[in-house]
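Residue-level structural notes
One-letter residues, chain by chain:
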Amino acid sequence: MRTQVGIVGAGPAGLVLSHLLHLNGIESVVVECRSREYVQERVRAGVLEQNTVDLLTETGVGERMKREGLVHHGIELRFNGAGHRIDFEELTGKAITIYAQAEVIKDLIDARLAAGGNVLFEVDDVSVHGFEGEHPSIHFTRNGEPQHIECDFIAGCDGFHGICRPTIPQGVLTVYERSYPFGWLGILAETPPASHELIYSYHERGFALLSMRTPHLSRLYIQCDHDEDIHNWPDDRIWRELQVRLASNSADWKLTEGAVLQKGVAGMRSFVVEPMQYGRLFLAGDAAHIVPPTGAKGLNLAVADVQVLAKALQAFYASGSTTGLQNYSQICLRRVWKVQRFSWWMTSMLHKFPDQTPFDHKRQLAELDYVTGSRAASQSLAENYVGLPLEIPEF
C-alpha cells in the first residue's frame, strides 16, 4: 500500500489531520488498533475551545456539533460556598462548546469514510520504520495477514501509550514530567445538570467539578487519591461527597442526583517530550504531551498540533518547502508550554495537596479571591480557557 502520509492512531489528532490533508488534496491512511466502536464510545473530554469549534465548522464537520453542542459563555468558580462567574463573552468575546470527544470522533470518521478515506481499524502488531531516511513505512497485521504502508511521512497520533514515541532512538527526546498526588473520580449520571455552566469548586475536603454531556446527562468529578479503588466508592458515598463539596450558600441552587451510568478513577500528570519530531516521524497530541484535565485542554491541544502539521505538509507538497516541517516542534511547543502552565495553575489553585498547610489553604483562598475580584486576572483565566490564538506562520 502506498500513500503520502501514514497516520498511526484514529483519535482526535489522527482523524483531524487526515481530514485536513484530504481537504488539501494530500492522501493519507490511518491505522488504529482498536475497533471503530471502541474509539467512538470511549469516554473522554467534552470541552471544545473556540478555535476547535471554528475549525470543525469551517472544514465541514461541525453541523451536528452546532445542533447538539452546548455553548457556554462562562464558568463558575465556587469557594466558601459562594459562586463567582467568569464571563467569557464579556471578557474575550468568545465561548466554549460542550460536545463529547466521542461525538467529534464519530463526525470525523463519518466524514473520512464518506470521502473515500482509508481508516483501518483493528490492526495488530503496528510498527514504524525508515523514518530516519526518505522512505518511512508502517507495518502491521490485519485479519491475520502482514501488511505495510509506504509513505513520505509518518504522524504518530497514537496516544501516550502508543508505539511511535518509544520507537525514536534513546537520547533524542527530553522528557519533562510531573505526576500529581491525586486523581479524579468521575461519574456520568442520568440527571439534568444542576447548572447551565461548569462549576469548579474548591473545598477543604478536596476539589469537585460539575460538568455535563447533554441537557439530560451530568458529568461530575471529585478529587481522590491517585490510586483510589473505585470499589470503595459506592454511588451513595459519591453523591454525599459531591453534595458537601459543591454546597452553595444560595438557597436557589440544589445538586440533583440520579442513576450513575459510568464511574472510574483517572490519575493526573503533566508530560511533554522535546522535540516532537525525529526525521520524518512527527508526534502529535497525547503521544507528545499530557495535561491534567483541570484546564480542559487535551483534545484542543491535539487539534492545534495537527493544524500546524497539516499546514507544514501542505507547503511541502505545494512547493517543496521544508521550513514548516523543520519548525514543527518549535511552533507547537510554544503553545504546549503555555497550555501546561495554565493547566498546572488551575490544578494547583483548586486542589488540596497531601502536604498542604493552613498557610497553603489561606493562600489558595486568596488566589481565588483575587482571580474572581480582578478584571485583569479574570480576563487572563478566560482567554486561556477559551483558547489562546493559534499562531501559525506562513511557510
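Here goes a summary of the coordinates provided. (Residues numbered from 1 in each chain as written. Predicted model: local features only at pLDDT ≥ 70, side-chain atom pairs only at ≥ 80, totals over all residues. Heavy atoms only, no water.)

**So, the side chain of Ser 201**
Checked against the element boundaries, Ser 201 lands in strand S14 (residues 199-202). With a relative accessible area of 2%, Ser 201 lands in the buried category. A polar contact of 2.6 Å, which involves the side chain of Ser 201, links it to the backbone oxygen of Arg 245. With residues up to four places along the chain from it excluded, the contact list for Ser 201 reads Arg 78, Gly 206, Phe 207, Ala 208, Arg 245 and Leu 246. (Helix = DSSP H or I, 4+ residues; strand = E, 2+ residues; numbered from the N terminus. Buried < 20%, exposed > 50% of the residue type's maximum accessible area, 1.4 Å probe, protein only. Polar contact = N/O pair within 3.5 Å; in protein donor to acceptor, adjacent residues only side chain to side chain. Contact = heavy atoms within 4.5 Å.)

**Re the packing of helix H9 (residues 298-319) against helix H11 (residues 328-350)**
It is at 10 Å that the axes of H9 and H11 come closest, and there the two elements cross at 160°. The angle between H9 and H11 falls in the class roughly antiparallel. In this structure, the crossing between H9 and H11 has a hand that is right-handed. Contacts between H9 and H11 involve Leu 301, Ala 304, Asp 305, Val 308 and Leu 309 on the former and, on the latter, Tyr 328, Ile 331, Cys 332, Arg 335, Val 336 and Val 339. For the contact of H9 with H11, a count of residues per class yields 9 nonpolar, no polar and 2 charged. (Axes fitted to C-alpha atoms, helices over the stretch in contact; angles between N-to-C directions. Parallel < 35°, antiparallel > 145°, perpendicular 65-115°, else oblique. Left-handed = near helix turned anticlockwise from the far one by under 90°. Nonpolar A, V, L, I, M, F, W, Y, C, P; charged D, E, K, R; others polar.)

**Observations regarding the packing of aromatic side chains**
In this structure the tally under the stated criterion is 17 aromatic pairs. Aromatic pair Tyr 200 and Phe 207: ring centres 6.1 Å apart, planes at 40°, arrangement tilted. Ring geometry for Phe 342 and Tyr 385: centres 6.5 Å apart, planes at 85°, overall edge-to-face. Residue Phe 342 is found in helix H11, and its partner Tyr 385 is found in helix H13 (residues 375-386); the two are separated by 43 residues along the sequence. Comparing Phe 342 with Tyr 385 shows no difference in burial state: the two are buried. Pairwise contacts between aromatic rings join Phe 88, Trp 184, Tyr 200, Phe 207, Tyr 221, Phe 342, Trp 345 and Tyr 385 into one cluster. When the ring centre of Phe 160 is taken as origin, the NZ or CZ atom of Arg 165, which lies over that ring, is 4.9 Å away. Seen from the ring of Tyr 385, Lys 297 lies directly overhead, with NZ or CZ sitting 5.8 Å from the centre. (Phe/Tyr/Trp six-rings, centres within 6.5 Å; stacked < 30°, edge-to-face > 60°. Lys NZ or Arg CZ within 6 Å of the ring centre and 35° of its normal.)

**Focus: the pairing of strand S5 (residues 74-79)**
Most of S5 sits inside the fold, with 6 of its 6 residues counted as buried. Here S5 shows a buried face lined by Gly 74, Glu 76 and Arg 78 and a second buried face lined by Ile 75, Leu 77 and Phe 79. Counting the residues that bridge the hairpin from S5 to strand S6 (residues 82-87) gives 2 residues, and of these Asn 80 lies at a positive phi of roughly 55°. Direction of pairing for S5 relative to S14: parallel, over a ladder of 4 bridges. Paired with Leu 77 across the strands is Tyr 200, a residue of S14. (Pairing = 2+ DSSP bridges.)

**Considering the nonpolar core**
Core analysis: the biggest nonpolar cluster contains 75 residues, and Val 31 and Ile 138 have the highest contact counts within it. Considering every element that reaches this core, the biggest residue donor is H9, with 11 residues. Look past the residues within four positions of Val 31 in its chain and what remains in contact with it is Ile 7, Val 8, Gly 9, Ala 10, Leu 120, Val 123, Val 126, Ile 138, Phe 140 and Ile 149. With 53 residues, the next largest nonpolar core counts Ile 238, Leu 255, Met 268 and Ala 382 among its residues. (Core = buried A, V, L, I, M, F, W, Y, C linked by side-chain atoms within 4.5 Å.)

**As for the pattern of salt bridges**
Per the stated rule, a full pass over the model turns up 21 salt bridges. Across the pair Arg 2 and Asp 152 runs a salt bridge whose closest N-O atoms are separated by 2.8 Å. In this pair, Arg 2 is assigned in the segment before strand S1 (5-8) and Asp 152 in the loop between strand S11 (145-150) and strand S12 (153-156), connecting sequence segments 150 residues apart. Of the charged contacts, one joins Lys 263 and Asp 235 as a salt bridge, the two residues approaching to 2.8 Å between their closest N and O atoms. Here Asp 235 lies in helix H8 (residues 235-245) and Lys 263 lies in strand S17 (residues 259-274), a separation of 28 residues in the sequence. Assessed through its relative accessible area of 36%, Lys 263 is described here as partly exposed. Several salt bridges share partner residues, and in doing so they unite Glu 41, Arg 64, Glu 68, Glu 103, Lys 106 and Asp 107 into one network. (Salt bridge = Lys/Arg side-chain N within 4 Å of Asp/Glu carboxyl O.)

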